[in-house]
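Read off the chains here:
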Amino acid sequence: MARAASSSSVPASSAEEGEGQSRSIAAVERAMDVLLLFGRSGRADLGVTEIASELGLTKAAVHRILTALRSRDLITVDPVTRRYALGHGAVALGRAYLARMDLRALAAPELRRLAGEVGETATLSIRRGDTRLYVDQVVPQHELRVEVSLGIPYPLHAGSSSKVILAFLDDAEVGALIGRHGLDALTGRTIVDEERLRKELAGIRKRGHASSLGERQEGTASVAAPIFDHDGRVIAALSVAGPLSRFKARMGECTPPLVESAARISGELGHRG
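What counts and what doesn't
- Residues numbered from 1 in each chain as written.
- Predicted model: local features only at pLDDT ≥ 70, side-chain atom pairs only at ≥ 80, totals over all residues.
- Heavy atoms only, no water.
- Helix = DSSP H or I, 4+ residues; strand = E, 2+ residues; numbered from the N terminus.
- Expected span 1.5 Å × (residues − 1).
- Buried < 20%, exposed > 50% of the residue type's maximum accessible area, 1.4 Å probe, protein only.
- Contact = heavy atoms within 4.5 Å.
- Pairing = 2+ DSSP bridges.
- Axes fitted to C-alpha atoms, helices over the stretch in contact; angles between N-to-C directions.

Considering helix α10 (residues 251–268)
One full turn of an α-helix is made of 3.6 residues, so residues set three or four places apart face in the same direction. Compared with the 26 Å implied by 1.5 Å per residue over 18 residues, the 26 Å span of α10 between its first and last C-alpha is a close match. Turning to α10, its buried residues number three or more, namely M251, C254, T255, P257, L258, S261, A262, I265 and S266. Buried residues along α10 sit in contact with α5 (103–118), β6 (210–213), β7 (220–228), β8 (234–243) and α9 (244–247). Looking one or two residues beyond α10, the residue adopting positive phi is G270, at roughly 95°.

Structure, rendered in structure tokens:
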């Protein structure tokens, strides 16, 4: 006499369906990992070997993922170099995100508050690949004051805003940046010795802020604090700057409100460090 099947048993078709869903989810996760790698690498393009090595995937798997991403215009490939870069679809996603979360708009109240509190120029800088550029500033009414040029890229080793971004990158990335660009002098005070720069960066990480006395521009002084995103990555810098003759003596008193403002902006971006 045949026994009735146990009510706790799972039909083969259901088990197979569950396994298929798990494989599909894993495939989507790998594709997202590849896409996110382009966003955080700081490099304009990537090769299959680089992607496979950094994510621990096989080259065959990377090829399949890139093919799928290309079909949706999220990734594009250079037919000559066979290197891949973000495509039009990814740009559209980025624009949609920026429309919702504009760092300049988010930081503007803190920038105004900080400039009003300390009575000096407050600036916002963001990282762009291997460089840093000013994207906003609030300037006081002093006759003698500092004003910066927005949108001009500066190296990541010269000046407080640059150094505070560089300090919170990992050592390997710092070494790669130095290897690609060297340490050129912008003024006679720019740090151009790698060992000295690394000691400076270690101190910045410990203190949580950076300072500069004419390292990027002669006759100016500044202090800067990092701004972190929700993943704890440094993405920007907030700084206070003034003429060296006046601001050098005030750097200590201006640092606490600067650090507090940067922390509030980081908190708005989801950072909980």
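Considering helix α6 (residues 160–167)
Burial analysis of α6 places eight of its eight residues in the buried class, the great majority of the element. Turning to α6, its buried residues number three or more, namely S160, S161, S162, K163, V164, I165, L166 and A167.

Focus on the sheet that holds β8
Across the sheet, six strands lie side by side as β5-β4-β3-β8-β7-β6; this open sheet has antiparallel pairing. Sheet topology places β5 (154–155) and β6 at the edges, where each strand pairs with a single neighbour. Pairing of strand β3 (residues 121–128) with β8 involves six bridges; the strand directions are antiparallel. The residue bridging T123 from the neighbouring strand is S239, located in β8. Against the sheet, α6 engages β3, β4 (131–138), β5, β6, β7 and β8, with an angle of about 155° to β8. Together, β6, β7 and β8 form the strand contacts of α10, whose direction differs from that of β7 by roughly 25°.

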